[in-house]
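# Remarks on the overall topology
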Amino acid sequence: MQKIKFISSIITSAVLLSSFIMGGNIAQAQQRPVPLLRAKCVSSGLGTYREQNLDVSIGKAVYTSQFYLGAGNRSASLTCKIKPDNRPESPFQTLNIGFGIPDNDTTSPGVEVKVYLDGKQAETRTVMPAQPTSLTLDVSNVSNVAIEAVCSQSNQYCDRVYFFDAALERKIASQQPKK
């Protein structure tokens, strides 16, 4: 009888331990992205930047925009400090951004969306009306991110670029065995 209790306690301990370990990994893998706008951000261009939750149709699909950059006939930009002053390195691994010009403005010229990481241009995409675009950038060693919308034709008005995704993914702490 004592052998059965002993064996059952070992099995119970093993099941509890494995569920605890597996549960920790699941919780770690399900970290929620952090909205870029939670960082310290400032408008840094001639055009318009505005936070606005607005449903827009881009490419015949509905997206909820978090903010927009209105270049007008020049440019608009947003600069965000993503590395806190009190940390030796950035807590983030990836920046995901999704953007586009709504379907209903078919006359707008293209808008160049440029992304700068610590002042260096990292990506450029020209977005046209009704064409959603997305980018994924490595920001693991980055302190500041800037997004600029530049009108491709200075003699014509460019529509707003709506950003429906602008999220930072945290670095995943590696689980290495202790020696």
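Scroll up for the structure.
In this report, the structure presented in the accompanying data block is examined. (Residues numbered from 1 in each chain as written. Predicted model: local features only at pLDDT ≥ 70, side-chain atom pairs only at ≥ 80, totals over all residues. Heavy atoms only, no water.)

Take the overall build of the protein chain next. The number of helices and strands found in the protein chain is 1 helix and 11 strands. Secondary structure elements of the protein chain occur, N-terminal to C-terminal, as α-β-β-β-β-β-β-β-β-β-β-β. Going through the 179 residues of the protein chain one by one, you find that 38% of them count as buried. Look at the contacts in the protein chain between residues 6 or more apart in sequence, and 76% of them connect residues 24 or more apart. Carbon and sulfur atoms form 52% of the exposed surface of the protein chain, whose accessible area is close to 11100 Å². (Helix = DSSP H or I, 4+ residues; strand = E, 2+ residues; numbered from the N terminus. Buried < 20%, exposed > 50% of the residue type's maximum accessible area, 1.4 Å probe, protein only. Contact = heavy atoms within 4.5 Å. Areas by Shrake-Rupley, 256 points an atom, 1.4 Å probe, with all protein chains shown as cover.)

Below, the discussion takes up the pairing of strand β10 (residues 144-151). Across the 8 residues that make up β10, a large majority, 7, are buried. Examined bridge by bridge, strand β5 (residues 75-81) and β10 share 7 bridges and lie antiparallel to one another. The partner of Ser77 across the bridge, within β10, is Glu148. As judged from the 7 bridges shared by strand β7 (residues 111-117) and β10, these two strands associate in the antiparallel manner. In the strand pairing of β10, Glu112 is matched with Val150. (Pairing = 2+ DSSP bridges.)

With that out of the way, let us pick up the pattern of salt bridges. What the rule picks out here adds up to 4 salt bridges. Residue Lys81 is joined to Asp85 by a salt bridge in which the shortest nitrogen-to-oxygen separation is 2.4 Å. Assessed through its relative accessible area of 29%, Lys81 is described here as partly exposed. Residue Asp85 is classed as exposed on the basis of its relative accessible area of 64%. Lys114 is the salt-bridge partner of Glu112, the closest N and O atoms lying 3.8 Å from each other. The class of Glu112 is partly exposed, set by a relative accessible area of 28%. Looking at Lys114, the relative accessible area reads 18%, which means it is buried. (Salt bridge = Lys/Arg side-chain N within 4 Å of Asp/Glu carboxyl O.)

What follows deals with the environment of Pro109. Structurally, the position occupied by Pro109 is in the loop between β6 (92-100) and β7. Residue class for Pro109 comes out buried when judged on its relative accessible area of 7%. The spacing of Pro109 and Thr126 is 17 residues in sequence and 9.8 Å in space, taken between C-alpha atoms. Beyond its immediate chain neighbours, meaning those up to four positions away, Pro109 contacts Ile101, Cys151, Ser152, Gln153, Gln156, Tyr157 and Cys158.

Attention now moves to the sheet that holds β10. An order of β2-β5-β10-β7-β8 is seen for the 5 strands of this open sheet, with the pairing classed as antiparallel. Each end of this open sheet is capped by a strand with a single partner; those strands are β2 (40-43) and β8 (120-127). Neighbour-to-neighbour, the strand axes of the sheet open up by a mean angle of 15°, direction not taken into account. (Axes fitted to C-alpha atoms, helices over the stretch in contact; angles between N-to-C directions.)

Turning our eyes to something else, we now look at the packing of aromatic side chains. Describing an aromatic ring pair means giving the distance of the ring centres and the angle of the ring planes. Within this structure, the stated rule accounts for 5 aromatic pairs. Both rings, one in Phe99 and one in Phe163, keep their centres 5.4 Å apart while their planes meet at 40°; by these two values the pair is tilted. Of the two residues, Phe99 is situated in strand β6 and Phe163 in strand β11 (residues 161-170); the sequence distance between them amounts to 64 residues. Taking the relative accessible area as the measure of exposure, Phe163 reaches 0% and is therefore buried. (Phe/Tyr/Trp six-rings, centres within 6.5 Å; stacked < 30°, edge-to-face > 60°.)

Position of Ser75 among the secondary structure elements: in strand β5. Residue contacts for Ser75: discarding those within four places in its chain leaves Gly45, Leu46, Gly47, Glu148, Ala149 and Val150.

A word on the nonpolar core. Nonpolar side chains in soluble globular proteins tend to end up buried together. Of all hydrophobic cores here, the largest spans 35 residues; its most connected members are Phe67, Leu69, Ile82, Val139, Val145, Ile147 and Val161. Contributions of two or more residues to this core are made by β4 (61-70), β5, β6, β7, β9 (133-138), β10 and β11. Ile147 has contacts with Leu36, Phe67, Leu69, Ala76, Ser77, Leu78, Ile97, Val113, Lys114 and Phe163, leaving out every residue within four places of it along the chain. Counting residues in each nonpolar core, the second largest holds 5 residues, with Val56, Ile58, Tyr68 and Tyr162 among its members. (Core = buried A, V, L, I, M, F, W, Y, C linked by side-chain atoms within 4.5 Å.)

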